[in-house]
Amino acid sequence: MMFVVLLKFSANKARAGQFMEGHKEWIKRGFDAGVFLLAGGLQPNSGGGIVAHNTSLPDLQSRVNDDPFVAENVVSAEIIEITPSKADARLNFLLD
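Residues numbered from 1 in each chain as written. Predicted model: local features only at pLDDT ≥ 70, side-chain atom pairs only at ≥ 80, totals over all residues. Heavy atoms only, no water.

**What about the overall build of the chain?**
Along the backbone of the chain there are three helices and four strands. Order of helices (α) and strands (β) in the chain, N terminus to C terminus: β-α-β-β-α-α-β. Taking 2.2 N^0.38 as the reference for a compact globule, 96 residues should give roughly 12 Å; the C-alpha atoms of the chain span a radius of gyration of 14 Å, in line with that estimate. Counting the 96 residues in the chain, one finds 32% classified as buried. For the chain, the computed accessible surface area is about 5800 Å², with 53% contributed by carbon and sulfur atoms. Mean positive and mean negative side-chain charge positions of the chain (9 and 11 charges, respectively) differ by 6 Å. (Helix = DSSP H or I, 4+ residues; strand = E, 2+ residues; numbered from the N terminus. Rg over C-alpha atoms; globule rule 2.2 N^0.38 Å. Buried < 20%, exposed > 50% of the residue type's maximum accessible area, 1.4 Å probe, protein only. Areas by Shrake-Rupley, 256 points an atom, 1.4 Å probe, with all protein chains shown as cover. Lys, Arg positive; Asp, Glu negative; His and termini not counted. Charge placed at Lys NZ, Arg CZ, Asp CG, Glu CD.)

Following this line, the structure appears as structure tokens:
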């Protein structure tokens, strides 16, 4: 199981600077835990996206809710669950 997390800017986008350090620390914790595989910006400047695996949907929802950007309504979060059935050989670990 893998997930795509879309973090789209919402009403409090202007407050992003206030919570950026906490958001970066939250991203680092996701990578350190082996849950986040990739993180980056949604273009053009509309928020961020994360590819996650090695977690359950409830655990990922809890993790996402801990993001200061989500807690402070800087972004709204959408989690898309994917059941991979075919992958490039470099990504075969996602098929387990």
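**Some points on the sheet that holds strand S2 (residues 36-42)**
Within the open sheet, the four strands sit side by side as S2-S3-S1-S4. Their pairing is antiparallel. A strand with exactly one partner marks an edge of an open sheet, and here the two such strands are S2 and strand S4 (75-82). Sheet twist, expressed as the mean angle between neighbouring strand axes with direction ignored, is 15°. When strand S1 (residues 2-9) meets strand S3 (residues 47-53), the two strands line up antiparallel, connected through seven bridges. Bridge pairing in S3 places Val5 opposite Ile50. Lying over the sheet, helix H1 (residues 16-32) contacts S1, S2 and S3, oriented at roughly 155° with respect to S2. Packed onto the sheet, helix H2 (residues 57-65) meets S1, S2, S3 and S4 and runs at close to 160° relative to S4. (Pairing = 2+ DSSP bridges. Axes fitted to C-alpha atoms, helices over the stretch in contact; angles between N-to-C directions. Contact = heavy atoms within 4.5 Å.)

Remember that the coordinates give geometry; whether it matters functionally is a separate question.
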